[in-house]
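Read off the chains here:
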Amino acid sequence: MKFNEKKKLWYGFIKSLSNERNWKFKNYFIFEKFGNLLFSTSFYVSMKEDAILIYSSYKPKDIDDTFWKIIGLESNIKKPLSFRINAAFQISSITFFKENFYIKDALNPQLEIENILKAVENVTSDKLNEIDRNQNIFLSELRKNEDDNCVEIVCYLIHNKQLENAKQEINKFKNNGFNPIFYFGESDLYFFDLALDYINQL
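Bear in mind that the values here come from a model prediction, so they are computed numbers and not experimental data. (Residues numbered from 1 in each chain as written. Predicted model: local features only at pLDDT ≥ 70, side-chain atom pairs only at ≥ 80, totals over all residues. Heavy atoms only, no water.)

Caption draft 1: Quick look at the environment of K161. Within the element layout of this structure, K161 appears in the loop between α6 (150-159) and α7 (163-175). What makes K161 exposed here is its relative accessible area of 71%. (Helix = DSSP H or I, 4+ residues; strand = E, 2+ residues; numbered from the N terminus. Buried < 20%, exposed > 50% of the residue type's maximum accessible area, 1.4 Å probe, protein only.)

Right under this line is the structure:
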């Protein structure tokens, strides 16, 4: 079976079976909101092997609203929920599960894909229970890699109205030489400068 045929067949099963289990499907990922959290799992069909690599991730559902307001893309707020997962400009999710699943029956993978979806549901349930025990876990996980997650950390603090803490983080990151730039046409937007302006307007 050619790769494109395999992708079409397998993604077809992922779409239909995930919809039966109350997940939404878009392109190569499934997603759903649980309270104020947005969970998603991406499925990557291997070209060389009969296997599917998956990544399960989550983030606060509305944190992108704060980010888009800061950088002046408020129109994104009204776009479909899936846009918060694959938009060019969005807050990154935290990956909490990664696994490579080998498919034995490539021509009829329905049962194996069902089992993958059950595994996704199990780890999602475990993560929700973990979050229930620690409401600050998202911020704690972001801090494990502060340099790469500096935008996410500041947005999280602003989103949760911890404005003085956000200012302190901005100053810390800027003193360490971080001020991410977003390019829109001919304009260069320095995120932390925009974030400080946004805070001062609140």
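Caption draft 2: Looking closely at the packing of aromatic side chains. This model, assessed by the stated rule, comprises 16 aromatic pairs. An angle of 85° between the planes, with centres 5.5 Å apart, marks the rings of F34 and F39 as edge-to-face. Residue classification places F39 among the buried residues on the basis of a relative accessible area of 1%. Centre to centre, the rings of F39 and F96 are 5.7 Å apart; their planes meet at 75°, and the pair counts as edge-to-face. (Phe/Tyr/Trp six-rings, centres within 6.5 Å; stacked < 30°, edge-to-face > 60°.)

Caption draft 3: Spotlight on the state of the cysteines. Summed over the entire model, instances satisfying the criterion amount to 0 disulfides. With no disulfide of its own, C150 has C155 as its nearest cysteine by sulfur position, at a separation of 9.7 Å. Residue class for C150 comes out buried when judged on its relative accessible area of 3%. Here C155 falls in the buried class, since its relative accessible area comes to 0%. (Disulfide = S-S within 2.5 Å.)

Caption draft 4: A look at the layout of surface pockets. Considered as a void within the structure, the largest pocket measures approximately 310 Å³ in volume. Contributing to the lining of the largest pocket are 15 residues, with N36, L37, P60, I131 and Q135 lying nearest its centre. Listed by contribution, the elements that provide at least two residues to the lining of the largest pocket are β4 (51-60), α4 (110-133), α5 (137-142) and α6. At 3 residues, α4 tops the list of elements feeding residues into the lining of the largest pocket. For the lining of the largest pocket, the residue count by class is 8 nonpolar, 4 polar and 3 charged. As a volume, the second largest pocket reaches approximately 220 Å³. Around the second largest pocket, the lining residues are Y28, S40, S42, Y44, Y55, S57, I85, N86, Q90, S92, S93 and T95. Mapped by element, the contributors of at least two residues to the lining of the second largest pocket are β3 (37-45), β4 and α3 (83-86). With 3 residues, the top contributor of residues to the lining of the second largest pocket is β3. Counted by class, the lining of the second largest pocket contains 4 nonpolar, 8 polar and no charged residues. (1 Å grid on protein atoms, 1.4 Å probe; cavity = no way out; pocket = protein on both sides within 12 Å on 5 of 7 lines; lining within 4 Å. Points joined across faces, edges and corners; volume = space filled by probe spheres on them. Nonpolar A, V, L, I, M, F, W, Y, C, P; charged D, E, K, R; others polar.)

Caption draft 5: Examining the packing of helix α1 (residues 3-20) against α4 more closely. Two elements in contact, α1 and α4, have axes whose closest approach is 10 Å; the angle formed by their N-to-C orientations is 55°. Judged by the angle between their axes, α1 and α4 are oblique. Relative to α4, α1 is oriented so that their crossing is right-handed. For the pair α1 and α4, the contacting residues are W10, F13, I14, L17 and S18 in the first and Q110, I113, E114 and L117 in the second. For the contact of α1 with α4, a count of residues per class yields 6 nonpolar, 2 polar and 1 charged. (Axes fitted to C-alpha atoms, helices over the stretch in contact; angles between N-to-C directions. Parallel < 35°, antiparallel > 145°, perpendicular 65-115°, else oblique. Left-handed = near helix turned anticlockwise from the far one by under 90°. Contact = heavy atoms within 4.5 Å.)

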